[in-house]
Amino acid sequence: MDYYKEVLFSDFYDNRGHLIAIESGYDIPFDIKRVYYITDVKKGVSRGFHAHRDLQQIILCIKGNVKLKIITPVEEKIFLLNDKSKGLLLGPYTWREIYEFSEDAVLLVLASQHYSEDDYIRSLEEYREEVKYRC
Ligand code: T46
């Protein structure tokens, strides 16, 4: 499975505005079990700093912009999320750090599993150890 992948969704734009559709199975490779969104992040605040063992997620900045850094066993990369029709699919064992939220940023997340704290690796040191034998 990919550690990450950019995914473009259909944007039905007309004189009434944007309508962006996302369908499980067609646009994203998993059934959506959970949806959450992050808003009103104060200036200078960062979030994330963890990886998941099984979870797949699509992360979309549907308003404003934010930076997202990933670390995988093979590379490190920084994305600027600022396009409401472009999502970032993050697979298992992808470390993420989310920062530089614009004041108006709204981050929408579609997840393949229900919330489980056991699925989180919240220490980078532990992540680097675990990927040695898992990936
Ligand atoms: C991720 C980034 C983008 C729940 O109870 N249910 C949930 O579905 C989630 C996501 C969180 N929580 C609780 C757990 C914590 O007590 O909400 C609190 C804040 O969660 P966390 O510190 O993990 O938030 P972020 O913004 O650092 O990370 C979240 C997701 O956890 C993570 O999977 O990829 O957003």
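### Considering the sheet that holds strand 4 (residues 34-38)
Piece 1. On the basis of which strands lie adjacent, the open sheet formed by five strands has the order 1-9-6-11-4 and antiparallel pairing. Lying at the two open borders of the sheet, with one neighbouring strand each, are strand 1 (4-8) and strand 4. When the angles between neighbouring strand axes are averaged without regard to direction, this sheet yields 25°.

### Quick word on the site of the ligand
Piece 1. Around the ligand sit 14 residues in total, of which Arg34, Arg47, His52, Arg96 and Tyr120 are the nearest.
Piece 2. Residue arginine 96 places a side-chain N or O atom 2.8 Å away from an oxygen atom belonging to the ligand.
Piece 3. Counting residues per element, the ones that place at least two in the shell around the ligand are strand 4, strand 5 (47-52), strand 6 (57-63) and strand 10 (95-99).
Piece 4. At four residues, strand 5 tops the list of elements feeding residues into the shell around the ligand.
Piece 5. Its residues assigned to classes, the shell around the ligand shows six nonpolar, four polar and four charged.

### Considerations on the side chain of arginine 34
Piece 1. Within the element layout of this structure, arginine 34 appears in strand 4.
Piece 2. Buried charged residue arginine 34 carries no salt bridge. Nearest counter-charge: aspartate 119, at 6.8 Å.

Analysis parameters
Residues numbered from 1 in each chain as written. Predicted model: local features only at pLDDT ≥ 70, side-chain atom pairs only at ≥ 80, totals over all residues. Heavy atoms only, no water. Pairing = 2+ DSSP bridges. Helix = DSSP H or I, 4+ residues; strand = E, 2+ residues; numbered from the N terminus. Axes fitted to C-alpha atoms, helices over the stretch in contact; angles between N-to-C directions. Near = heavy atom within 4 Å. Polar contact = N/O pair within 3.5 Å; in protein donor to acceptor, adjacent residues only side chain to side chain. Nonpolar A, V, L, I, M, F, W, Y, C, P; charged D, E, K, R; others polar. Buried < 20%, exposed > 50% of the residue type's maximum accessible area, 1.4 Å probe, protein only. Lys, Arg positive; Asp, Glu negative; His and termini not counted. Salt bridge = Lys/Arg side-chain N within 4 Å of Asp/Glu carboxyl O.

Keep in mind that these numbers describe shape and distance, not what the molecule does.
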